[in-house]
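Geometric and topological summary
Here's the letter readout for the chains.
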Amino acid sequence: MEPRFRFVNVIPEVPILFSGRPAGGEEGRPMLGFTYRVPEEFHNQVGIGSIVTIPFGRQELRGVVVAEKAIPPSSVVPKEIVGVDPLIRFTPPWQKLMHSLMEETLAPPGLVVHAMLPPQPGRRLIRSAEATPPMMDTARPAFAFTSFSHLRLRPGGYSLLPIPLGFEPCLIYEAIARRASEEGGQTLILVPEIERGKEIMGLLGNRWGARLGFIHSRLPRSEERLLWEGAVRGANNVVIGTRKALFVPFPKLSAIVIDSEHESGHNQYDQAPHYDVRHAAIMLARETGIRLLIVSHTPRIAVWHQARTAKRIASLPTKIEPSVSPSGTGDVAVIDARPLWVAKTSTLLAPKLVEVLREVVRKQGRALLITHRRGFGAAYLCAACHRVAICPRCGIPLKVVRNQKRILLHCSQCDSEYPPFTRCQFCQARTLRTRGAGIERVMHELQTVFPGVPLAHFDRESVASPASRGKLITEFLSRPSGILVGTPMLVGALPSLPVHCIAMLAIDSMLSIPDFRTHERLVAFVRELRHRALQQVPPPKIVWQTYIPDHPAVRAALSFDPTSFYESELKERKVLYYPPFVRLIRVRFSRGKGKESFKKETAILRDLASLKKEGIRDILGPSPSATRGEFAILIKISPKEPRILAKVRKILPGSWRIVVDPEYV
């Protein structure tokens, strides 16, 4: 008897944009992918959602089965599937999540598949030092709740829980995980970065032991595979993970917790597919009926507005009893730096800030000084037209650096260096000045003001690896006193950096970033710093040197309740068409030469403009992008018209780079 043939559609992990709309599809979705024949030996293993290995050209790739086919195309002889993942398979909720991400991100389906695939099975296991969960850190303040009974989360939806500054929400996570475990379910805790995951591992490790797993990108692939398999078998009751952990097809997932919702690490904005794991978690919760808790001490304005409108804001118990009372109020001492700018002095440190740092050094203490960026200065600015000097080759702002006692202008895009310009490139005025404070310039001034005091710097170059990061922190803590200068990424290291004083310098320059979320990010950053400082015993003193002490964002960052700031921002966003009142699509492309290219671009913009009656609210651009030769378009669409995404995708060429809901505009 001849074997019965089966045929399936497979989406391989390649960045191909499928054209056309083949017949069939679940719930009106097209069946994408390529047709393959299922060998008889795999008949009982291959189904929709299976992860298979297929021949593709001259190589073998993995892919996901998305549909069954009754008969193959008459003009093509399908190739055979050559392998099947023996354990992991995407169940219907994760299949729907995959299709939703394809539709929402407008990315090639193969890139979405690639992002969701687990590590390949292998035999060799290299166990890392992070495999064994660390024990509870008893030096940090812990809080005891009188009751968690009121914190009832809605199945199939989400709840936003704003937490007070200084409160560690891990006991909430512990209560949710314990309740889910008693019901026979699993809990997933999504963290924005690996270091935050390690903190939670340290706080929950002694409770869950081997039933606790931590999935992240720095693990050896074999160990990450074991964690996926443990979660799929149900051996891990609690899984902590960064973005990709959401794609593990848990068989008994009962609750998802999104920690530090305000952090940009939850958004994959640096590579395609560009997706927001917070939005993806909400979609999965709706499909599975699981409970989703979003936690933050400074929720993003759009999330706060949507949760308030839907009446999904949860609250903590009225009585919170800290078992260790932090000393101090956590208030920030503000130093007005405007006299330095008026006096046109080159000094960065205000006299009051110098006094604070001198007092810390005198008492053999340690201080952190946070500035906005690296280099010798933030920017080379014209005082006449207020334009920043740009690279003649790349067209992006130049960074002021110090090289062998010389001041140079450095381009981080093409690595070119230029001597300081004598005239402004735009208005030809001779009023160019260095504004801002890069790490090198701050270090140079500290060496002058505090000779002999140990100094160190903390930035992306000096802590390129976890080993160098640990070595730098260990060396700094081994000294009885000293000053550590770093960029805002230094805030993430605060739990392992007991200090006596934290000073913020030139953080105002964050407000000069051309993005509608600029004010919101400054508020979130300062509140995050205060939050982590309050978790130390005793909390360090915080000093903020600012040129704009009366700015609404500065006042909101210092407030314990930024609600009034949220309200004012929402009013402005509603008038200007920004989230949460619209969704954004950012498009970047290279403009070709000649009339034909211009005609093509004009036709695309005309077609986009024709959709204004169907959901497009506004189109900005095209305007020059930060990268030379590129242009950008910002499309604002109605969130109530989900079908408009597919119509925009149909108009835009495949070579144009598209990001839906970009983290940075």
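Residues numbered from 1 in each chain as written. Predicted model: local features only at pLDDT ≥ 70, side-chain atom pairs only at ≥ 80, totals over all residues. Heavy atoms only, no water.

**Digging into the pairing of strand 9 (residues 186-190)**
Condition: For every residue, the accessible area (1.4 Å probe, protein chains only) is compared with the maximum for its type, and the residue is labelled buried under 20%, exposed over 50%, or partly exposed between those bounds. Starting at the N terminus, helices and strands are each numbered in turn, a helix being any DSSP run of H or I of at least four residues and a strand any DSSP run of E of at least two. Following DSSP output, two strands are said to pair if at least two bridges run between them.
Strand 9 sits mainly inside the fold: 5 of its 5 residues count as buried. Burial along strand 9 is two-sided: the residues Gln 186, Leu 188 and Leu 190 and Thr 187 and Ile 189 are all buried. Bridge analysis of strand 9 against strand 12 (residues 253-258) gives 5 bridges, and the strand direction is parallel. Following the sheet pairing, Leu 188 is matched in strand 12 by Ile 256. In the sheet, strand 9 pairs with strand 11 (residues 238-241) via 4 bridges, with the strands oriented parallel.

**Quick word on the sheet that holds strand 3 (residues 50-56)**
The line we're drawing: In this analysis, two residues are considered to be in contact whenever any of their non-hydrogen atoms come within 4.5 Å of each other. To obtain each axis, a line is fitted to C-alpha atoms, and for helices this fit is confined to the stretch in contact; angles are then taken between N-to-C directions over 0 to 180 degrees.
Here 6 strands make up an open sheet; going across it, the order is 5-2-1-4-3-6 and the pairing mixed. Each edge of the open sheet is held by one strand with a lone partner, namely strand 5 (79-80) and strand 6 (83-89). On top of the sheet, helix 2 (residues 109-116) reaches strand 1 (6-12) and strand 4 (59-69); it is set at about 85° to strand 1, its chief contact.

**Here's the deal with the sheet that holds strand 28 (residues 583-590)**
Reading across from one edge, 29-30-28-31 is the order of the 4 strands in this open sheet, with antiparallel pairing throughout. At either margin of the open sheet sits one strand with a lone partner, and together these are strand 29 (616-624) and strand 31 (657-660). With strand direction ignored, the average angle separating the axes of adjacent strands in the sheet is 15°. Bridging between strand 29 and strand 30 (residues 630-637) involves 6 bridges; their strand directions are antiparallel. For Ile 616, the partnering residue across the bridge sits in strand 30 and is Ile 637.

**Section: helix 12 (residues 518-534)**
To keep it simple, the criterion reads: Residue count minus one, scaled by 1.5 Å, sets the expected span of a helix.
Over its 17 residues, helix 12 extends 25 Å from the first C-alpha to the last, a length consistent with the 24 Å expected when each residue adds 1.5 Å. Within helix 12, 16 of the 17 residues are buried, which leaves the element mostly enclosed by the surrounding structure.

**Some details on the packing of aromatic side chains**
Using the following cut-off: Working definition: a ring pair exists when centres of Phe, Tyr or Trp rings (six-membered ring for Trp) sit within 6.5 Å. Plane angles under 30 degrees give stacked, over 60 give edge-to-face, the rest tilted. Here, over-ring charges are defined by two tests on the NZ atom of lysine or the CZ atom of arginine: distance to the ring centre within 6 Å, and angle to the ring normal within 35 degrees.
In total, this model carries 9 aromatic pairs according to the counting rule given. A centroid spacing of 6.2 Å and a plane angle of 55° characterise the contact between Tyr 418 and Phe 421, whose relative ring orientation is tilted. Phe 421 gets classed as buried once you look at its relative accessible area, which sits at 19%. The rings of Trp 304, Phe 565 and Tyr 566 are connected pair by pair, giving a single aromatic cluster. The ring of Phe 631 carries Arg 591 above its face, with NZ or CZ at 3.9 Å from the centroid. Just above the ring of Tyr 578 sits the side chain of Lys 636; from NZ or CZ to the centre is 3.9 Å.

**With respect to the packing of helix 3 (residues 170-182) against helix 4 (residues 194-208)**
As a reminder of what qualifies: Roughly parallel covers angles under 35 degrees, roughly antiparallel covers those over 145, roughly perpendicular covers 65 to 115, and oblique covers all other angles. Handedness of a crossing follows from how the near helix is turned relative to the far one, being left-handed for an anticlockwise turn of less than a right angle and right-handed for a clockwise one.
Between helix 3 and helix 4, the least distance of the axes is 11 Å, while the angle of their chain directions is 50°. Compared by their axis directions, helix 3 and helix 4 come out oblique. Both helix 3 and helix 4 take part in a crossing whose hand is right-handed. Residues Cys 170, Tyr 173, Glu 174, Ala 177, Arg 178 and Ser 181 of helix 3 lie in contact with helix 4, whose contacting residues are Arg 196, Ile 200, Leu 203, Leu 204, Arg 207 and Trp 208.

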